[in-house]
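# Report on the structure
Residue strings, one per chain:
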Protein chains: 4
Amino acid sequence: MTKFSFKNDYSEGTHPRILEALKESNSSQEDGYGEDAFCIEAAQNIRKTFDKPNAAVFFISGGTQANLCVIASLLKPFESVIALDSGHICLHETGAIEACGHRINSTHSTNGKITAQQIQSIFDDHQNDPPHMVQPKLVYISNSTEIGTIYTKKELAEIYETCQKNKLFLYIDGARLGSALCSKKNDIKPTEILNYCDVLYIGGTKNGGLIGEAIVFKNPELAKDFPFHLKQRGALLGKERVFGVQFREFFRNNLYFDLAQHANNMAEKLSSGIKNAGYSFLSESPSNQIFPILPNEIIDKLLQKYDFYIWTKVDEKNSVIRLVTSWATPESKVKEFIKELKNR
Amino acid sequence: MTKFSFKNDYSEGTHPRILEALKESNSSQEDGYGEDAFCIEAAQNIRKTFDKPNAAVFFISGGTQANLCVIASLLKPFESVIALDSGHICLHETGAIEACGHRINSTHSTNGKITAQQIQSIFDDHQNDPPHMVQPKLVYISNSTEIGTIYTKKELAEIYETCQKNKLFLYIDGARLGSALCSKKNDIKPTEILNYCDVLYIGGTKNGGLIGEAIVFKNPELAKDFPFHLKQRGALLGKERVFGVQFREFFRNNLYFDLAQHANNMAEKLSSGIKNAGYSFLSESPSNQIFPILPNEIIDKLLQKYDFYIWTKVDEKNSVIRLVTSWATPESKVKEFIKELKNR
Amino acid sequence: MTKFSFKNDYSEGTHPRILEALKESNSSQEDGYGEDAFCIEAAQNIRKTFDKPNAAVFFISGGTQANLCVIASLLKPFESVIALDSGHICLHETGAIEACGHRINSTHSTNGKITAQQIQSIFDDHQNDPPHMVQPKLVYISNSTEIGTIYTKKELAEIYETCQKNKLFLYIDGARLGSALCSKKNDIKPTEILNYCDVLYIGGTKNGGLIGEAIVFKNPELAKDFPFHLKQRGALLGKERVFGVQFREFFRNNLYFDLAQHANNMAEKLSSGIKNAGYSFLSESPSNQIFPILPNEIIDKLLQKYDFYIWTKVDEKNSVIRLVTSWATPESKVKEFIKELKNR
Amino acid sequence: MTKFSFKNDYSEGTHPRILEALKESNSSQEDGYGEDAFCIEAAQNIRKTFDKPNAAVFFISGGTQANLCVIASLLKPFESVIALDSGHICLHETGAIEACGHRINSTHSTNGKITAQQIQSIFDDHQNDPPHMVQPKLVYISNSTEIGTIYTKKELAEIYETCQKNKLFLYIDGARLGSALCSKKNDIKPTEILNYCDVLYIGGTKNGGLIGEAIVFKNPELAKDFPFHLKQRGALLGKERVFGVQFREFFRNNLYFDLAQHANNMAEKLSSGIKNAGYSFLSESPSNQIFPILPNEIIDKLLQKYDFYIWTKVDEKNSVIRLVTSWATPESKVKEFIKELKNR
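Residues numbered from 1 in each chain as written. Chains lettered and ligands numbered in written order. Predicted model: local features only at pLDDT ≥ 70, side-chain atom pairs only at ≥ 80, totals over all residues.

### Notes on helix α1 (residues 16-24) of chain B
Structurally, the α-helix is built with 3.6 residues per turn, so residues lying three or four positions apart point the same way. Taken as a whole, α1 of chain B has its buried residues at Ile18, Ala21 and Leu22 of chain B. Buried positions in α1 of chain B, seen along its axis, are confined to an arc of 100° and lie on one side of it. Facing away from the buried side of α1 of chain B, by more than 90 degrees, are the exposed residues Pro16 and Glu24 of chain B. The inward-facing, buried residues of α1 of chain B contact α1 (16-24) of chain A together with α11 (241-250) of chain B. (Buried ≥ 20, exposed ≤ 12 C-beta atoms within 10 Å, placed from the backbone. Helix = DSSP H or I, 4+ residues; strand = E, 2+ residues; numbered from the N terminus. Arc of directions from axis to C-beta. Contact = placed C-beta atoms within 7 Å.)

### Remarks on the relation of the copies chain D and chain C
By a simple turn and slide, chain D fits onto chain C: the slide is 0.0 Å along the axis, the RMSD is 0.1 Å, and the turn is 180°. Both chain copies can therefore be described as sitting about a two-fold axis. A shared interface surface links the copies, since 100% of the contact residues of chain D are contact residues in chain C too. (Least-squares fit on C-alpha atoms with pLDDT ≥ 70 in both.)

### Points about helix α14 (residues 331-343) of chain A
All names here are of chain A. Taking 1.5 Å of rise per residue, 13 residues should cover 18 Å, and α14 covers 18 Å from first to last C-alpha, within 8% of that figure. Those residues of α14 not exposed but buried are Val334, Phe337 and Leu341. Buried residues of α14, seen end-on, are gathered within an arc of 65° and therefore sit on one face of the element. Turned more than 90 degrees away from the buried face of α14, the exposed residues are Glu331, Ser332, Lys339, Lys342 and Asn343. Looking at the buried residues of α14, the elements they touch are α12 (255-276), α13 (296-305) and β11 (306-307). (Expected span 1.5 Å × (residues − 1).)

### As for the interface of chain A and chain C
Each partner contributes residues to the interface: chain A has 17 residues there, and chain C has 17 residues. Split by residue class, the side of chain A that touches chain C holds seven nonpolar, seven polar and three charged. (Nonpolar A, V, L, I, M, F, W, Y, C, P; charged D, E, K, R; others polar.)

### Describing the relation of the copies chain A and chain C
Mapping chain A onto chain C leaves a residual RMSD of 0.1 Å; the transformation is a rotation of 180° accompanied by 0.1 Å of translation along its axis. Most of the interface of chain A is mirrored in chain C, where 100% of its interface residues again form contacts.

### Focus: the pairing of strand β13 (residues 318-324) of chain A
Residue and element names in this part refer to chain A. Within β13, five of the seven residues are buried, which leaves it mostly tucked inside the rest of the structure. By the bridge criterion, two bridges tie strand β9 (residues 289-290) to β13 in an arrangement that is antiparallel. Looking at β13, one finds that Ile290 is bridged to Leu323. Alignment of strand β12 (residues 309-313) against β13, held across four bridges, turns out to be antiparallel. From the neighbouring strand, Lys313 faces β13, where its bridge partner is Ser319. Taken together, β12 and the strand that follows it, β13, pair antiparallel across an intervening segment of four residues. (Pairing = 2+ DSSP bridges.)

Written as structure tokens, this is what we have:
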């Protein structure tokens, strides 16, 4: 490709330190299916970073798989998921949760974030008429969200309190967890986040990994059957070591957060440049996805040099675009983009 | 691990040329979900190697996932799979096919291979009493098989003829396809194998890849909905490029077959050394898994220096063990093992 | 029960003519699983009544089962259903459709009826991003609806046109089809309704039958695998004759519509009595379910003599109640109810 | 039909007392979904007859549905069923159990009965390699079996002991429980059978009921979510009263067993007549299905006057046929059949 791409945060391969780690570990003979020394050490690093010494940690090749395996493992057939209609499981996973047999009870939000009140309300609506209604049992949220916003500690604490009161599991899709936790607006420490949820998936693919994600169950009891679920869904691999090597590296010397920080920095520069140029945004995103509103005419010109998604139409003359930065986004390209924009 | 392992063919990382290819391709910005230049070129290389210019090619992270996605995509809810009870989908995939809703109609064989007659017989048994019986619609075989044997061209042709006569799909699980096609006993060329089946999965994980497998549908019409199935099962990844880079390399300069050839050579040396030492085998395996029968006492001693699976008990004093060689098995270790064996 | 019940239309057993028909047919020896003479004749009567000589007709024990069997038989795993969030499959079937693996794409309406525009809009929203989104393939509507309203011929024609344009199946849940087609406001003849949909379920349970429903596929090609689906879901019974006897009787001498007409007449009398007493309604229902808004105080008093559901709260002092009439509702009870109401 | 049918035990309608009970109860207004007075009383009668005052009792329209609902409600996704390959769930339910996601681990027997040893052996085979193998969790047996044999108390006690030792549920498919318990060879009392299993389905359809079956969970804790499962599978009906009326009658004055006794008596007479005429049998069946071996020539002649299934070929000249008697089989027809047979 000759155009520079702001389409997503998984356009490039992987951070060189990950490549190096793969090379260094290459000749070691290891057991399969997550029993290798690298997965074991990676899990240890994750437990330490997130301050949950007893957590159960698993590695998996992709996010949709993480979502469906976690959710299917925690629910009985007639139990359902509470989520926003903008949630990844609702919109962009081809019905993966329903394919496992579960209904998603969805509700709407303009800022990508569900509230404790919305959860309570859906829960209450399903208590009237057993056994004719599904029974909500798990709340799915994303942090950062699908439109780049992030949860505050207070919001998350309220949500988790509501979940616990109603015996609902809280599961955080952290495909972009790094960006959320490194955001300037974030007030949740890595050592705190598992205090406010039951299961967390830590995204590797979108944070500079080669491939793969980590799943953390705070309470290992919840995960005791999880390997069976993984295997049955085709998600337990002979070469889990590939994930182990990456996540060991991610959580050895802060690499995971360094990469996220870079992506956020680039997004912020892009953002303020666009703001300076006089444009507004769909949402106030403090993470690595930003959603400026631009005239269609200018969008067309930018598309000659850059790749990005047109998110949605605003009116006849303007549209929202999505720009995503990553660990690999060079500052020069950000500056160049803003310069182009201002020249228009 | 300090012991040398003959436990499986996915103990090590990946062949250095694959690592190199990952490094070289690393900074290229690519589209996600299989739309990248590497997957496109890899598919092209596969079409050429297997002489099917119109084949539809997909990449996926593991074998169980390949099996369940292919099978679930080809069957209606009431249709079933014909397979041996020793087949990987029957024994070691935690009911992945049934979890997709499909019955496996299994039968038994002592040499790991199903016959055309067995297929016909199962098919016939299910025609009497519609709609009270599942309807067989796909035949699953492995080549090489779970006990190291391989199909001859004649056997495969008969099976496929039976399948076509009865409108059954034939799907080959080629987790160890390389070893099968490079076996001294093999008479099927890569350019021929898709003449005798409808769908083929080409194993990467067990043939020196870092991670991942390729799926080939001879008739692209059969695959037109396949991306939806992949996505719904969590098997379509943002970074399919990782698979693309590997399979492009595998099928650029014969690397795939070179690696398989090495594994087979090592297995053959092991085999003849063990035979010379006076021991017999569970099956006559011409591929990279061999199953010698040894006294338990000797097995115990070997286990002090080597890692391998005890496959099954023969009698009070003897057991079958499984030894697996790979692209990475050094000849020195093979010689050492035989020497140890003879010294006992 | 000593109170008279307006809770639903399946409180009593069955119309005496059905009981009589069961008795008369009792000693005849018949084949099982729908191959009996009664089912065959019943299907014939239905084809004639609904003017579709080639339709495929099946009988089944309940409505949820009808819905799930029809829908699961028509969709591929990644295909979805378009329905209102007030639809029975969304609200009161414990996720039966999702348990078959399918997502429901729901939207909202205040009058219980979906519009062609809503269907088109949901369809369009799912065309952008294959294969990441489910693909809508079937529209589910109820007639009469869950709040007693009915579709006009024009509305239904528009919906079906939209379905056909987008290759969507249209399926009508006719749990209360009799009441819809016998409504004073209805302009769709029985001989016309299958011109405007692909599959129709004709409710027996709620229209005076002992137990059971009929499913009609206009195009028998669509139904060719349906018996396998029925059997797999536990819905094909050895004694389908029980359904055959009932539906033969229903559609022999207009019994089905006579019973519905009575229920509607009783509802209308109730309705106008309540209106005369000065009360208003949640919806303008021309069928056998009506939803008056009454003061809580009066509701409490009525509940001492009558059984009915409190549907929803209106404000601190008033609530909506649901009153359902049936083939068995005596006019005397209707008059008595109105008298009680007026006396308060 | 002009020929008399020995094809099955559900050829006729229902016993006159059941018809009468339906008529008598017809005008009573009742709640739906199993909350009616008849279901409540029927459950009470069943608890008493089977001497389990705390048992949870449910009613359902058919046997395949009973099997799939019970099994799906008791298993986690990766858990499997142990059953014979001749079991109804294996052979004649179109993969209903697999459609719920569960593997059946089957084994073979010549007399239709599984042994405690077979169960232990399958269980043991699945403990080696978690999480790669399904985990057996429930044993399915039929009594009487698919070929008319019955379990002795000793056999059943051994099976249940093996189940309890290995934490397996034992589920008895009693589609023909009446015939089993009324067999001359039976030594299990109705008050004892639930001592030897966890869940029991009591067949109504094949024992003179109009339609429907009863499911009994010995331990009500096991059944606490069962109504949700029933509803989700389409098995919880608005008019459960229809089942309630029947089973109340069945278990009021021994009717259930009287009907079974008659069927058994007729089978015995048939059996001894056939034996006297010099023919042998596939199995020694002491229940209402018998499997004589007759010359094809004679079979052809008998088929001119009687309806029955040809079960399987024995050799070129002889076949096994299945003759089934029921509560409705007149002794005159039995005598006539034997006479015809002897005249040949």
